[in-house]
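Architecture and fold: a report
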Amino acid sequence: MGHDLRWPIGAMFALLGALLAGYGLVSDGALYQRSLGVNVNLWWGLCLLAFGLVMLAFARRSARLNAPRPQST
Amino acid sequence: MPTAGLALIDYAVIGVYFLFVLGIGWILRRDMRSSEDFFLSGRSLPAWISGLAFLSANLGAQEVIGMGASGAKYGIMTSHFYWVGAIPAMVFVGLFMMPFYYGSRARSVPEYLKLRFDEKTRAFNAVSFAAMTIFSSGISMYAMGLLLATLLGWDFDVSVLVSAVIVLAYIVLGGLTSAIYNEVLQFFLIVLGFVPLVTLGLMDVGGWDGLTSRLGAVATEQGYAAGAWTNSWSHLGSASANPMGVEWFGMAMGLGFVLSFGYWCTDFLVVQRAMAAKSMEAAQRTPLIAAVPKMLFPALVILPGMIAMALTHQAGATGFALPTRADGTHTYDLAIPLMLIHYYPSGLLGLGLTALMASFMSGMAGNVTAFNTVWTYDLYQSYVRPNESDRHYLRMGRIATVGGIALSVGAAYLAAAFNNIMDLLQLVFAFVNAPLFATFLLGMFWTRATGHGAFLGLLTGTGAAALHHGLTVPVGAATLVKGGWLGIVLHQYPSEMAQNFWTAIWAWSACFVATIVISLVTRRTKSDDELRGLVYAMTPMPEHGHLTWWRRPATIGVAVLALTLALNLVFW
């Protein structure tokens, strides 16, 4: 089972974050009256995007460290 | 009652989640080469994955919706289900029981019972557990279908069938590994989907101080002290002083010892996640890692319920209120779902609803993977086709998954048609489960416990639970399902919860005493050699000297207990 779960977790949250933040940028401000005037799509979308990217960075670092080193007898 | 209409962005969020869930199953399908891969993830998972899955498998409908409802109804006292009713047991199973579960190489909890006791004890546990997982999974499906129909107007049949097909697909493709990987994904989704809800709710009520002051008014209006909703221990001196109707001994012994240790230490649904870990050390750390987010979960699932109650009593800036039934009581079960559609705009609403669906699906998948393992190893391989090839059992595991999902769908429709039947079934399972921890405790720590003692002790405990329930009633009981069905009522409890806690105490005590007495008068059938790896006195405990001090299971366990104690003191 050599699959690093951080890849799908990172990819999913980066994608969801980008979707929400993008929607937050283009949506009407009146939409956010219910969330106490805070553009939660934009702010929380950016948080999810950051979380996803951090996960992907960890997965990439781990993949590099565990990669077989090029070759001596 | 408010309902929500979803925008295209919400469907896009839900679609992304389903795509990843199915994608994980698809990628893992090539790894399922043996029955051990399918049922136990090839015992290859790192502790952080098995730990988060250990927690997430328990995050079903009852957890998220039920704890939110209890938060509204009882306040911070609901946190006892975490800080008293989960964490100590999780530390105990990690430090003291995992060496036997993992070290014995048993493939399931019923198989451990067979190795330690005998075939009849295993069969009793396997049959009752398999039936219970099917009904639990069915109840999860039913609750999700009902919720989506109520909130979004979605068709009940479509909701049940779509969720069933998705869970079926990813388990059949990737077995337990797929279920566990998706449980970890679902864990992050639930946390990240609910954090904004708590933040917005707290902003609306004026922070913790505003919440305390509003809930003080709720408490005094109902005849309790002002802190009854915001103190966890102060009002447990007598059952009449708190909204839960429970006193401290019933809480500590019934919930904190019998019920919590009975669930976290013996339920194969959660223990299976630890058995999939890659080493003994990882298996021991699994429940300890799970305990850290578990102790913080009240902030995510109980706090929204408390906020919903505070807002209902004295509306916040946005005018939220829980709907009221004809009899004047609130519809507490809708606390979290209604908060979601109240505060979340399109986009974030899709994320919140996906988190809610993820909790239902992880509960469902946890039950189905436990069912297919117990069915294949403990029932089919033991009693139907004992000497087949590994490939045959791998195929049977996939067939059992299809069967388990089909039976769960049937159970969901049974619940929809006869709500009382499900209440009755859950009651029967509670009778069977309550004494179980006494059997395991004696089995693991007393070499003299015999198979006859264990089996007859379990039956005695189950009988004692039924007898106690039949002779007592909670205040306001309207049906015999709530107790008193033997015609004579010897005691009336102030609440149904108090009755449940004391039923568990009687069941455990009867099983404990009966197992000891019967073991002492029956012949021991297992030699010392056969008990090696199964009983404390015969098993060398794992050495952790090679680990740095802060990575040792005992250190983590002590730290977890200290943090839990601190939380109890802060919210005393």
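None of these values were measured; they are calculated from a predicted model.

Residue and element names in this part refer to chain B. For the structure shown, the criterion picks out 36 aromatic pairs over all chains. Consider the rings of Tyr-112 and Phe-440, whose centres lie 6.1 Å apart with planes at 15°: the pair is stacked. Residue Tyr-112 is located in helix H7 (residues 109-116), and its partner Phe-440 is located in helix H20 (residues 436-445); the two are separated by 328 residues in the primary sequence. Take Tyr-112 and Phe-440: they sit in the same class, and that class is buried. Within the aromatic cluster, the residues linked to one another by ring pairs are Phe-92, Phe-96, Phe-100, Phe-257, Phe-261, Phe-437, Phe-445, Trp-508, Phe-512 and Tyr-536. Positioned over the ring face of Trp-26 is Arg-29, at 3.7 Å from the centre of the ring.

To continue, consider helix H13 (residues 280-296) of chain B. The largest bend along H13 of chain B reaches roughly 30° and is located at Thr-286 of chain B, with the proline Pro-287 of chain B sitting one to four residues downstream. Most of H13 of chain B sits out of view: 13 of its 17 residues are buried.

Counting from both sides, the interface comprises 40 residues of chain B and, opposite them, 26 residues of chain A. Contact with chain A buries area across many residues of chain B, yet Phe-20, Leu-192 and Pro-345 of chain B alone supply 18% of it, more than any other trio. Run the count over chain B and chain A and you get zero salt bridges. Where chain B touches chain A, the interface holds three residue pairs in polar contact (both at pLDDT 80 or more). Counting residues per element, the ones that place at least two in the side of chain B that touches chain A are helix H1 (8-28), helix H3 (47-56), helix H9 (156-205), helix H16 (335-343) and helix H17 (348-384) of chain B.

Summarising the element assignment, Gly-68 of chain B is placed in helix H4 (residues 61-74). As for Gly-68 of chain B and Pro-304 of chain B, which are separated by 236 residues in sequence, their C-alpha atoms are 6.4 Å apart.

This paragraph deals with the domain arrangement of chain B. By a frequent convention, interface size equals the accessible area lost on bringing the separate parts together. All names here are of chain B. What the domain assignment reports for chain B is domain 1 (8-25 + 36-318 + 337-417 + 542-570) and domain 2 (427-541). For domain 1 and domain 2, the distance between their C-alpha centres works out to 24 Å. Taken together, the contacts link 45 residues of domain 1 with 42 residues of domain 2. Carbon and sulfur atoms supply 79% of the area that domain 1 and domain 2 bury against each other, a total of about 3,800 Å² over both sides. Our count for the contact surface shared by domain 1 and domain 2 stands at zero salt bridges. On inspection of domain 1 and its partner domain 2, the count reaches nine residue pairs in polar contact (both at pLDDT 80 or more). Going through the elements one at a time, helix H6 (87-103), H7, helix H8 (119-152) and helix H11 (248-264) are the ones with two or more residues in the side of domain 1 that touches domain 2. Looking at the side of domain 1 that touches domain 2 residue by residue, the class counts come to 30 nonpolar, nine polar and six charged.

Conventions used here
Residues numbered from 1 in each chain as written. Chains lettered and ligands numbered in written order. Predicted model: local features only at pLDDT ≥ 70, side-chain atom pairs only at ≥ 80, totals over all residues. Heavy atoms only, no water. Phe/Tyr/Trp six-rings, centres within 6.5 Å; stacked < 30°, edge-to-face > 60°. Helix = DSSP H or I, 4+ residues; strand = E, 2+ residues; numbered from the N terminus. Buried < 20%, exposed > 50% of the residue type's maximum accessible area, 1.4 Å probe, protein only. Lys NZ or Arg CZ within 6 Å of the ring centre and 35° of its normal. Bend = angle between axes of the 7 residues up to and from the residue. Contact = heavy atoms within 4.5 Å. Buried area = accessible area lost by both parts, 1.4 Å probe. Salt bridge = Lys/Arg side-chain N within 4 Å of Asp/Glu carboxyl O. Polar contact = N/O pair within 3.5 Å; in protein donor to acceptor, adjacent residues only side chain to side chain. Domains from an automatic or database assignment. Nonpolar A, V, L, I, M, F, W, Y, C, P; charged D, E, K, R; others polar.

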